[in-house]
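Here are the chains, one letter per residue:
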Amino acid sequence: MSIILALTATALSAAPALPQQTVPLGANLERFDYPYPVQWFEAASQGATVSMAYLDVAPTARANGRTAVLLHGKNFCAATWGETIRAMAAKGYRVIAPDQVGFCKSSKPDGYQYSFHAMAALTAALLDKAGVGRVSLVGHSTGGILASRFALLMPERVEHLVLVNPLGLTDPLTEGVPYADLGTLLAEEAKTNAASIKGYQQRVYYNGKWKPDYDRWVAMLAGQYASSDGQTIRTAQARLSDMIQTQPVAAELPGLRMPTTLIIGETDKTAFRGNSAPEGASPRTVPQAAEVAVTRIPGAALMTLPTLGHSPQVEDPSTFQRALFEALAK
């Protein structure tokens, strides 16, 4: 563990709240350790070379011949899959968890046009480089939109699709959420810090509850914003929010023909940008959207986790893992 991370861990364990001064970790999380060795994939995209960080973890038990690909959400990174990776490797899976372009340790090119189509293509190219064909694809939150897009574009590569509290099951703009242009999104990002990140997650993700373990993930995100190159993060995050609000997969759900399971923490209050909707609008939360979406995906199953929220893999890893392995056994 690096000295900075050791100091951060000491500060977090010594007090119930985040330290008053956020430790800068770099726009690409240069000073944040991941639970497994980071590998790199370089590819041409939009006329430039981009680098994707990823974890590639071999089975720690007898190999079952399957590869799982874990796709993170907007406020998450490959590192937040650490407990899930450990459990899956112990079940014989090879596990690949990338940081998408625009996020975490991966490239954040100036002026990049973020799209789920581009991310799906880059993820497929990474898998080609890794020698991986068909996969069990697990997408969380924004990663659920990406997993759905990947599965729609390349169904032959997906043997199982698992969506964990995914976004994109509705179109917020048709449910009364006003479109936010890039200037509006940048202004909102200018106000983002450790306190706002923690406040949002506590209120929306964790049903008003908080565990000290969650502070590490707040420090990870806030440490990017607090860095000298933090404007790179603010710009990328604004552009990524625009991608999420304009590129849902709701209309295309019937096209998901592979075995699909939605794992939903039911206390999740996430409704993307729902707090900006005017009075009288009713953007659905992720659990509400999932109840309808499962009826529109042929043969899909819905698994609910009644006491958990937006991030069940973080909130209660063992409960989430039982649900995940049950889903993958179908």
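In what follows, the structure referred to is the one given above.
Residues numbered from 1 in each chain as written. Predicted model: local features only at pLDDT ≥ 70, side-chain atom pairs only at ≥ 80, totals over all residues. Heavy atoms only, no water.

Student: I'd like to hear about the packing of helix α6 (residues 194-205) against helix α7 (residues 215-225), residue by residue, with values.
Tutor: At a minimum axis distance of 9 Å, the contact between α6 and α7 shows a crossing angle of 140 degrees. Taken together, the axes of α6 and α7 lie oblique to each other. Where α6 crosses over α7, the handedness of that crossing is right-handed. Contact residues: Ala 194, Ile 197, Lys 198 and Gln 201 in α6; Asp 215, Val 218, Leu 221, Ala 222 and Tyr 225 in α7. The residue inventory of the contact of α6 with α7, partitioned by class, reads six nonpolar, one polar and two charged. (Axes fitted to C-alpha atoms, helices over the stretch in contact; angles between N-to-C directions. Helix = DSSP H or I, 4+ residues; strand = E, 2+ residues; numbered from the N terminus. Parallel < 35°, antiparallel > 145°, perpendicular 65-115°, else oblique. Left-handed = near helix turned anticlockwise from the far one by under 90°. Contact = heavy atoms within 4.5 Å. Nonpolar A, V, L, I, M, F, W, Y, C, P; charged D, E, K, R; others polar.)

Student: So, the state of the cysteines: which residues are in play, and what are the values?
Tutor: In this structure the tally under the stated criterion is one disulfide. In this model, Cys 77 is linked to Cys 104 through a disulfide, with the two sulfur atoms separated by 2.0 Å. Judged by the sign of its S-S torsion, about -90 degrees, the bond between Cys 77 and Cys 104 is left-handed. Pair noted here: Cys 77 is in the loop between β3 (67-71) and α2 (82-90) and Cys 104 is in the loop between β4 (94-98) and α3 (116-129), with a separation of 27 residues, a long-range link. Each member of the pair, Cys 77 as well as Cys 104, is classed as buried. (Disulfide = S-S within 2.5 Å. Buried < 20%, exposed > 50% of the residue type's maximum accessible area, 1.4 Å probe, protein only.)

Student: Lay out the sheet that holds strand β1 (residues 39-45) with the relevant residues and their values.
Tutor: Remark on secondary structure: sheet strands pair via backbone hydrogen bonds, oriented parallel or antiparallel. Spatial strand order, β1-β2-β4-β3-β5-β6-β7-β8: eight strands in an open sheet with mixed pairing. Either end of the sheet is taken by a strand with one partner, and the two such strands are β1 and β8 (301-305). Shown here is a sheet whose adjacent strand axes are inclined to one another by a mean of 20 degrees, direction ignored. The sheet contact formed by strand β6 (residues 158-164) and strand β7 (residues 260-265) spans four bridges and is parallel. (Pairing = 2+ DSSP bridges.)

Student: So what's going on with the packing of aromatic side chains? Residues and values would help.
Tutor: Following the criterion strictly, the structure yields 10 aromatic pairs and no others. Between the aromatic rings of Tyr 206 and Trp 210, the centroid separation amounts to 5.7 Å while the plane-to-plane angle is 80 degrees, which identifies the pairing as edge-to-face. The burial state of Tyr 206 is the same as that of Trp 210; both residues are buried. Taken together, the ring pairs in this structure connect Phe 76, Tyr 200, Tyr 205, Tyr 206, Trp 210 and Tyr 214 into an aromatic cluster. Here the basic side chain of Lys 91 rests over the ring of Phe 325, its NZ or CZ set 5.3 Å away from the ring centre. Stacked on the ring of Tyr 34, the Lys or Arg Lys 105 has its end atom at 4.9 Å from the ring centre. (Phe/Tyr/Trp six-rings, centres within 6.5 Å; stacked < 30°, edge-to-face > 60°. Lys NZ or Arg CZ within 6 Å of the ring centre and 35° of its normal.)

Student: How would you summarise helix α4 (residues 142-153) if you had to cite specific residues and measurements?
Tutor: In this model α4 runs 17 Å from its N-terminal to its C-terminal C-alpha over 12 residues, within 8% of the 16 Å that 1.5 Å per residue would give. Most of α4 sits out of view: 10 of its 12 residues are buried. Considered for burial, the residues of α4 that qualify are Thr 142, Gly 143, Gly 144, Ile 145, Leu 146, Ala 147, Ser 148, Arg 149, Phe 150 and Ala 151. Where the residues of α4 are buried, they touch β3, α3, β5 (135-140), β6 and α8 (230-246). (Expected span 1.5 Å × (residues − 1).)

Student: Give me the lowdown on the environment of Arg 66, citing residues and values where you can.
Tutor: With respect to the helices and strands, the residue Arg 66 is situated in the loop between β2 (48-57) and β3. Taking the C-alpha atoms as reference, Arg 66 lies 24 Å from Glu 42; in sequence the two are 24 residues apart. Within the structure, the side chain of Arg 66 is placed 3.3 Å from the side chain of Ser 136, a separation counted as a polar contact. Of the polar contacts made by the side chain of Arg 66, one reaches the side chain of Glu 159; its length is 3.4 Å. (Polar contact = N/O pair within 3.5 Å; in protein donor to acceptor, adjacent residues only side chain to side chain.)

Student: Go over the pattern of salt bridges, please, and point to the residues and values.
Tutor: A side chain with one charge may pair with a side chain of the opposite charge, provided their charged atoms come close. Across all of its chains, the model carries nine salt bridges by this definition. Residue Arg 94 pairs with Asp 56 through a salt bridge whose shortest N-O separation is 2.7 Å. Placement of Arg 94 in strand β4 and of Asp 56 in strand β2 is noted, with a sequence separation of 38 residues between them. When its relative accessible area of 24% is taken as the criterion, Arg 94 is described as partly exposed. (Salt bridge = Lys/Arg side-chain N within 4 Å of Asp/Glu carboxyl O.)

Student: Describe in detail unusual backbone geometry, supporting the description with residues and values.
Tutor: With glycine set apart, most residues show a phi of negative sign, and most peptide bonds adopt trans. One non-glycine residue with positive phi stands out, namely Gln 46, at about 55 degrees. Note on placement: Gln 46 falls in the loop between β1 and β2. By relative accessible area, which is 46% here, Gln 46 ends up partly exposed. Even without glycine at this site, Cys 104 takes up a positive phi of about 55 degrees. By relative accessible area, which is 4% here, Cys 104 ends up buried.

Student: Can you tell me about the packing of α3 against α4, naming the residues and giving the values?
Tutor: Two elements in contact, α3 and α4, have axes whose closest approach is 9 Å; the angle formed by their N-to-C orientations is 70 degrees. In terms of orientation, α3 lies roughly perpendicular with respect to α4. From α3, Phe 116, His 117, Met 119, Ala 120, Thr 123, Ala 124 and Leu 127 reach across to α4, where they touch Thr 142, Ile 145, Leu 146, Arg 149, Phe 150 and Leu 153. Partitioning the contact of α3 with α4 into residue classes produces nine nonpolar, three polar and one charged.

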